[in-house]
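# A closer look at the structure
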Amino acid sequence: PSSTYNFAAIVDGEATTTPGLPATIPFAVADGAANKDLLYATATVTTAANADPTGVNGNGVVAFDFSHLLSKLQFNIVNETNQKYQVTSISVTGVAQDGIYTVGTGTWAQDGATTTTLTFGTATVAGGATVEASEARQLLPLAQTLAVTINYDVLDTSDNVVGSLTKEGIITQTFVKNTVYTVTA
């Protein structure tokens with residue numbers, strides 16, 4: 001009774017617990033199925049003088065409003081030709097792998113210089129079409145310069161491969177948490 005309770009909740013794609021309210025949250029970006037989102041929420045509840053401390057908010061329920069702490073990156077492929085393409089791979093290299101989120105300031109910092117590569121899946125893009133050709137990947141919301149490689153096959157009308165091409169580019173961006181970035185290629 002007559003007490004203030006502080007709560008924190010972290011969802012990192014894994015069933016883990018952190019005792020107490022963390023000052024920092026370490027996080028490592030991974031590829032494929034291991035590429036997880038990171039969400040965080042806090043709540044403060046003050047009980048009345050006659051409240052049962054086990055009955056916070058009436059039923060032992062604490063309401064949280066979660067925020068995404070990472071940025072999300074995805075690709076759309078535009079085909080302005082009459083040719084059909086099969087995107088065979090999209091990869092982004094130079095992605096900051098390890099970061100630390102400071103809860104009090106709401107800021108990220110890279111933890112070391114380790115980088116990783118993220119892959120984004122495949123798709124077939126008919127002539128004159130725009131297709132969301134990639135899976136989305138989470139990355140640390142930091143200033144980053146990333147190298148993009150898109151490999152694709154040119155298909156004939158019977159879907160036979162008649163050529164293969166690679167396109168490369170650079171993304172220089174200060175990524176912001178809780179934001180989705182869609183790159184059109």
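Our subject is the structure listed above.
These lines cover the structure that appears in this document, whether it is placed above or below. Note that the coordinates shown come from a computational prediction; the quantities given were computed from them, not determined experimentally.

With that settled, consider the overall build of the chain. Looking only at helices and strands, the chain has zero helices and 15 strands in total. Out of the 185 residues belonging to the chain, those deemed buried represent 32%. Sequence-distant contacts in the chain: of pairs separated by 6 or more residues, those separated by 24 or more amount to 73%. Carbon and sulfur atoms form 49% of the exposed surface of the chain, whose accessible area is close to 10,000 Å². Charge centroids of the chain, computed over 6 positive and 15 negative side chains, lie 4 Å from each other.

What follows concerns the pairing of strand 14 (residues 161–174). Looking down a regular strand, the side chains alternate between one sheet face and the other. Of all 14 residues that make up strand 14, one are buried, and the element is exposed over most of its length. In this structure, strand 13 (residues 143–155) lies alongside strand 14, joined through 13 bridges in antiparallel fashion. By the bridge assignment for strand 14, Thr145 is matched with Thr172. A loop of five residues connects strand 13 with strand 14, the two strands running antiparallel in sequence, and Asp159 in this loop sits at a positive phi of about 65°.

Okay, the packing of aromatic side chains next. The geometry of an aromatic ring pair is captured by the separation of the ring centres together with the interplanar angle, meaning the angle of the planes. Applying the stated rule across the entire model yields five aromatic pairs. Between Phe64 and Phe66, the aromatic rings sit 5.9 Å apart at their centres with planes inclined by 45°, giving tilted as the arrangement. Given a relative accessible area of 38%, Phe66 falls into the partly exposed group. Aromatic pair Tyr85 and Tyr152: ring centres 4.9 Å apart, planes at 85°, arrangement edge-to-face. One end of the pair, Tyr85, is in strand 6 (residues 84–96); the other, Tyr152, is in strand 13, with 67 residues separating them in the sequence. Residue Tyr85 shares its accessibility class with Tyr152, and that shared class is buried.

With that out of the way, let us pick up the environment of Gly94. With respect to the secondary-structure elements, Gly94 resides in strand 6. C-alpha of Gly94 to C-alpha of Ala113: the two residues are 19 residues apart in sequence and 9.8 Å apart in space. Setting aside anything within four residues of it in sequence, one finds Gly94 in contact with Thr115, Thr116, Gln144, Thr145 and Leu146.

A few words on the environment of Ser164. Positionally, Ser164 belongs in strand 14. Owing to a relative accessible area of 53%, Ser164 belongs among the exposed residues under this scheme. Along the primary structure Ser164 and Tyr85 are separated by 79 residues, whereas in three dimensions their C-alpha atoms are 9.2 Å apart. Apart from residues no more than four positions distant in its own chain, Ser164 is found in contact with Tyr152 and Asp153. A distance of 2.6 Å separates polar atoms of two side chains, one belonging to Ser164 and the other to Asp153.

Quick notes on the rules
- Residues numbered from 1 in each chain as written.
- Predicted model: local features only at pLDDT ≥ 70, side-chain atom pairs only at ≥ 80, totals over all residues.
- Heavy atoms only, no water.
- Helix = DSSP H or I, 4+ residues; strand = E, 2+ residues; numbered from the N terminus.
- Buried < 20%, exposed > 50% of the residue type's maximum accessible area, 1.4 Å probe, protein only.
- Contact = heavy atoms within 4.5 Å.
- Areas by Shrake-Rupley, 256 points an atom, 1.4 Å probe, with all protein chains shown as cover.
- Lys, Arg positive; Asp, Glu negative; His and termini not counted.
- Charge placed at Lys NZ, Arg CZ, Asp CG, Glu CD.
- Pairing = 2+ DSSP bridges.
- Phe/Tyr/Trp six-rings, centres within 6.5 Å; stacked < 30°, edge-to-face > 60°.
- Polar contact = N/O pair within 3.5 Å; in protein donor to acceptor, adjacent residues only side chain to side chain.

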